[in-house]
Amino acid sequence: MKTKLVLATALAALALAGSAHAHKAWLQPSQTVFSDKGSWMTVDAAVSNDLFYFNHVPLPLERLQVTAPDGSSVAPQNGATGKLRSVFDLQLQQEGTYKIAMNNEGMFASYKLGGEAKRWRGKAGEFKGAIPAGATEVNASESLGRVETFATVGKPSTGVFKTTGKGIELVPVTHPNDLFAGEAATFQLLIDGKPASGLKIEVVPGATRYRNEQAEILVTTGADGKFEVKWPQAGMYWLETASEDAKTTLPDAKQRRLSYVAVFEVLPQ
Amino acid sequence: MKPSMFKILIPALTLPLPAFAADLELNIEVPRINAAEYHRPYVAAWIEKADNSVASNLLVWYDVDMKNGEGTKWLKDMRQWWRRSGRTLSMPVDGVSGATRPVGQHAVAFKGGSKQLAGLAPGSYTLVVEAAREVGGREMLSIPFEWPAKAQKLSAQGKTELGKVGLVVKP
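Residues numbered from 1 in each chain as written. Chains lettered and ligands numbered in written order. Predicted model: local features only at pLDDT ≥ 70, side-chain atom pairs only at ≥ 80, totals over all residues. Heavy atoms only, no water.

**Student:** Before we move on, can you summarise the overall build of chain A with the specific residues and values?
**Tutor:** On a plain count of helices and strands, chain A comes out with two helices and 18 strands. When its C-alpha atoms are laid out on the principal axes, chain A stretches across 60 × 45 × 40 Å. Residue burial in chain A is summarised as follows: out of 269 residues, 51% are buried. Looking at chain A alone, contacts between residues at least 24 apart form 68% of all its contacts between residues at least 6 apart. Of the roughly 12200 Å² that chain A leaves accessible, carbon and sulfur atoms contribute 50%. (Helix = DSSP H or I, 4+ residues; strand = E, 2+ residues; numbered from the N terminus. Buried < 20%, exposed > 50% of the residue type's maximum accessible area, 1.4 Å probe, protein only. Contact = heavy atoms within 4.5 Å. Areas by Shrake-Rupley, 256 points an atom, 1.4 Å probe, with all protein chains shown as cover.)

This is the structure we're talking about:
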């Protein structure tokens, strides 16, 4: 019961990663640049208020998808979910760039039952059975969210950035494993495979616990879906953006909520 | 001054020397560091063009002899070298790779016709020396120089992971 509740909270955060909610979903890699094939990395997966601290709920490992440079799937090892975070290890056997992702495709709904406001989250297929017969003011949304991070052995490659044409996706102009303090990086965001203009992006450096301000960087994509971030200092950065539209693929959902989160490592000069 | 540094000079002698050939001497000081756990630093030296692209890799000192090439694991800690060229190289590179060096002054000479310098067009360059030490720090020094226009004796002083780095250009 309790596990279910925690999971539901995590999924809610994953679904809403982009909206104005304080909770932040993230995958934090131990490091992102490797010189040795066969290197190990470890990743923390959690939802929290602060970056990157374990103070809310873990992300569910069931959603984890790790893609190797050649496009094959990599099985995570030593996965474990604790009270505040999930953790897993990866062995990087190939040269090139890996994508580590947690995708959420689901539905959420609000409704009233006997004058009381209720909420529900789950898979699209479970929607019909989940809403009680007497429910009124049912408002259902489709949600499509991605939480990603990247790691590279040797020379960065771009195979894992092949897009699916669904939801918000990131296309590198600057490679996300080639980021250095004081330099600017450019990325492109797509919605359903097309450049997403006017998307608002928030970039927050990690270690928020040890400073008083969020120090967020706010940028907006141009007509070509591109945006630029100049990294003020080295460290881990959390990036998120979100969008809403009516292009839902689910008959019961009136709107669609899209979100995208990525964690980047920026190295010192 | 390991034999490996000389090996490359032998074929170099058989090449016709370009008219602008000059020799280059490098002196790299590995400083004494009082650390509970001391490892010899990894050191890379290379020549950059104005746009930061690598014109020539001069040397890379790392744990070349570790079994299964495990020494390559920490090459990425020389971050700028790794980014500028290391990640596209297949280590070890003949005539460039060498073993880590102990504390002290290390003189390395490159002849004008050597593999490292033969392709260098006349112009302005920067010598970059980067050191990274396991459980220690990282430091990078840059020395701009002209090639091969005139005799130059230049140096830079490191603060942490590098001591004095000297560069002599002999036209």
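Next comes the rest of the account.
**Student:** Which residues make up the sheet that holds strand S1 (residues 23-30) of chain B, and what are the values?
**Tutor:** Residue and element names in this part refer to chain B. Taken together, four strands build an open sheet; the order of strands is S5-S1-S9-S8 and the sheet is antiparallel. Looking at the sheet topology across the chains shown, the edges are occupied by strand S5 (104-110) and strand S8 (152-157). Neighbouring strand axes in the sheet, compared pairwise and without regard to direction, differ in orientation by 15 degrees on average. By the bridge criterion, six bridges tie S1 to strand S9 (residues 164-170) in an arrangement that is antiparallel. Its bridge partner lying in S9, Ile28 is registered against Val165. (Pairing = 2+ DSSP bridges. Axes fitted to C-alpha atoms, helices over the stretch in contact; angles between N-to-C directions.)

**Student:** Which residues make up the environment of Arg83(B), and what values go with them?
**Tutor:** Inspection of the secondary structure assignment puts Arg83(B) in helix H3 (residues 79-84). Through-space distance from the C-alpha of Arg83(B) to that of Val30(B) is 23 Å; in sequence the pair is 53 residues apart. If we ignore the near neighbours within four places in the chain, the residues touching Arg83(B) are Asp178(A), Phe180(A) and Glu183(A).

**Student:** Could you give an account of the interface of chain A and chain B, naming the residues involved and the relevant values?
**Tutor:** Opposite the 15 residues of chain A that make contact, chain B presents 14 residues. Here chain A and chain B share an interface that buries about 1200 Å² over both sides, 49% of which is from carbon and sulfur atoms. Three residues stand out in chain A for area buried against chain B, namely Ser35(A), Asp36(A) and Gln269(A), and they jointly supply 37% of the buried area on that side. Connecting chain A to chain B are three salt bridges. Here chain A and chain B share 10 residue pairs in polar contact (both at pLDDT 80 or more) between them. Considered class by class, the residues forming the side of chain A that touches chain B number six nonpolar, five polar and four charged. (Buried area = accessible area lost by both parts, 1.4 Å probe. Salt bridge = Lys/Arg side-chain N within 4 Å of Asp/Glu carboxyl O. Polar contact = N/O pair within 3.5 Å; in protein donor to acceptor, adjacent residues only side chain to side chain. Nonpolar A, V, L, I, M, F, W, Y, C, P; charged D, E, K, R; others polar.)

**Student:** Tell me about the environment of Ala196(A), residues and numbers included.
**Tutor:** Residues and elements named next belong to chain A. Note that Ala196 resides in the loop between strand S13 (194-195) and strand S14 (200-205). Since its relative accessible area comes to 4%, Ala196 is described here as buried. When the C-alpha positions of Ala196 and Gly222 are compared, they lie 8.0 Å apart, and in sequence the two are 26 residues distant. When sequence neighbours within four positions are dropped, the list of residues in contact with Ala196 reads Leu189, Leu190, Ile191, Thr221, Gly222 and Gly225.

**Student:** Explain the side chain of Ser97(B) to me, using residue names and the numbers behind them.
**Tutor:** Residues and elements named next belong to chain B. Residue position: Ser97 is located in strand S4 (residues 97-99). On the accessibility criterion, Ser97 (10% relative accessible area) is buried. At 2.6 Å, the side chain of Ser97 and the backbone nitrogen of Val93 are in polar contact.

**Student:** Tell me about the packing of aromatic side chains, and please be specific about residues and values.
**Tutor:** Two descriptors summarise a pair of aromatic rings, namely the distance from one centre to the other and the angle between the planes of the rings. All names here are of chain A. One pass over the full model with this rule turns up 12 aromatic pairs over all chains. For the ring pair Trp26 and Phe52, a centre distance of 5.2 Å and an interplane angle of 85 degrees mean the geometry is edge-to-face. With a gap of 26 residues between them, Trp26 in strand S1 (residues 24-29) and Phe52 in the loop between strand S3 (39-48) and strand S4 (57-58) connect regions that are remote in the sequence. Accessibility assignment for this pair places Trp26 and Phe52 in one class, buried. Here the guanidinium or amino end of Lys24 rests over the ring plane of Trp238, the centre of that ring lying 5.4 Å away. Positioned above the aromatic ring of Phe108 is the side chain of Arg121, whose terminal nitrogen or guanidinium carbon lies 5.3 Å from the ring centre. (Phe/Tyr/Trp six-rings, centres within 6.5 Å; stacked < 30°, edge-to-face > 60°. Lys NZ or Arg CZ within 6 Å of the ring centre and 35° of its normal.)

**Student:** Summarise the sheet that holds strand S3 (residues 54-62) of chain B; cite the residues concerned and give the values.
**Tutor:** Residues and elements named next belong to chain B. Pairing is mixed in the open sheet, where five strands are placed in the order S4-S3-S2-S6-S7. Strands with a single pairing partner mark the edges of an open sheet, and in this sheet they are S4 and strand S7 (138-147). Within this sheet the neighbouring strands show an average axis-to-axis angle of 15 degrees, counted without direction. Summarising the sheet, strand S2 (residues 42-48) and strand S6 (residues 123-132) pair through seven bridges and their orientation is antiparallel. Looking at the pairing, Ala45 lines up with Val129 of S6.

**Student:** Lay out the nonpolar core with the relevant residues and their values.
**Tutor:** Residues and elements named next belong to chain A. With 31 residues, the main nonpolar core has Leu27, Met41, Phe88, Leu90, Ile100 and Trp238 as its most contacted residues. Contributing elements (two or more residues each) for this core: S1, S3, strand S5 (64-67), strand S7 (86-92), strand S8 (96-113), strand S10 (136-153), strand S17 (235-245) and strand S18 (255-266). For this core, the element with the most residues is S3, which contributes five residues. Leaving out residues up to four positions away in the same chain, Phe88 has contacts with Leu27, Met41, Thr42, Val43, Ala45, Leu61, Leu64, Pro76, Gln77, Asn78, Gly79 and Ile100. (Core = buried A, V, L, I, M, F, W, Y, C linked by side-chain atoms within 4.5 Å.)

**Student:** Break down unusual backbone geometry for me, with residues and values.
**Tutor:** Residues and elements named next belong to chain B. With an omega dihedral of -5 degrees, the bond running from Met91 to Pro92 counts as a cis peptide bond. Checked against the element boundaries, Pro92 lands in the loop between H3 and S4. Of note, the amide linkage connecting Trp147 to Pro148 takes the cis form, showing an omega dihedral of -10 degrees. With respect to the helices and strands, Pro148 occurs in the loop between S7 and S8. Residues other than glycine seldom take positive phi values, yet Asn68 does so here, at roughly 55 degrees. As for its placement among the helices and strands, Asn68 is situated in the loop between S3 and H3.

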